[in-house]
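Residues per chain are reported as follows:
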Amino acid sequence: MKRRDFIINSTLAIGAAALFSGCNKKESNKIQKQVIRRKFHNTTMPLIALGCMRLPMQNNKIDMVELDKMVAYAMEHGANYFDTAYMYVEGKSENAIGEILKKYPRESFILADKNPAYLVNSPKDVHKLFNEQLKKCQVDI
């Protein structure tokens, strides 16, 4: 998706949320269950992801019970795209989202993870870090 399209879609989503905030609960529930999706190669992807940069915390640890509820809610409403990175939550985000997502069939969600380019000094490092990320996220390719 082009940057311009992203900005337009985001603005429309915010406007729609503001417009529909006055709807009664029954109508509001219908709206919340519709996640806009776009075709991308051989799949469709939601235009919104559950980002794992900031996760619910309790006593300086990721609150896995709350994260589980967040992921369940997202999955129930069609937001099955999750975004994490090597450095998120002091390196603990990948493990946490991987632990929660292993309850779901692998084909039921999309997981994006960012390679820490600042740790790459050779082509060998890319493979090493990629395999480490797969292990932390508890997924196969």
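Coordinates for the structure precede this section.
Described in the following lines is the structure provided in the data block. As the structure is a prediction and not an experimental result, all values here were calculated from the model.

## Quick word on the pairing of strand β6 (residues 81–85)
Now for step 1: The buried fraction of β6 amounts to 4 of the 5 residues, a majority that puts the element mostly inside the structure.
Now for step 2: Two elements, strand β3 (residues 50–51) and β6, share 2 bridges in a ladder whose sense is parallel. Directly across from Leu-50, in β6, lies its bridge partner Phe-82.
Now for step 3: Taken together, β6, helix α4 (residues 93–101) and strand β7 (residues 110–114) form a β-α-β motif whose crossover is right-handed.

## Regarding unusual backbone geometry
Now for step 1: Notably, Asn-60 is not glycine yet its phi reads approximately 60°, a positive angle.
Now for step 2: Judged by its relative accessible area of 74%, Asn-60 falls in the exposed class.
Now for step 3: Even without a glycine there, the phi angle at Gln-138 is positive, about 60°.
Now for step 4: When you line up the elements, Gln-138 lands in the segment after α5 (123–137).

## Focus on the side chain of Asn-80
Now for step 1: Note that Asn-80 resides in the loop between α3 (64–76) and β6.
Now for step 2: Filtering out sequence-adjacent residues up to four positions away, Asn-80 remains in contact with Arg-37, Pro-46, Met-75, Ser-108, Phe-109 and Ile-110.

## Description of the pairing of β7
Now for step 1: Here β6 runs beside β7; their pairing, made up of 5 bridges, is parallel. In the strand pairing of β7, Tyr-81 is matched with Ile-110.

## Re the sheet that holds β6
Now for step 1: Here 3 strands make up an open sheet; going across it, the order is β3-β6-β7 and the pairing parallel. Both outer strands of the open sheet, β3 and β7, are each paired with one neighbouring strand and no more.
Now for step 2: Docked against the sheet, α4 engages β6 and β7, running at close to 150° with respect to β6.

Rules used in this analysis
Residues numbered from 1 in each chain as written. Predicted model: local features only at pLDDT ≥ 70, side-chain atom pairs only at ≥ 80, totals over all residues. Heavy atoms only, no water. Buried < 20%, exposed > 50% of the residue type's maximum accessible area, 1.4 Å probe, protein only. Helix = DSSP H or I, 4+ residues; strand = E, 2+ residues; numbered from the N terminus. Pairing = 2+ DSSP bridges. Right-handed = clockwise from strand over helix to strand, strands pointing away. Contact = heavy atoms within 4.5 Å. Axes fitted to C-alpha atoms, helices over the stretch in contact; angles between N-to-C directions.

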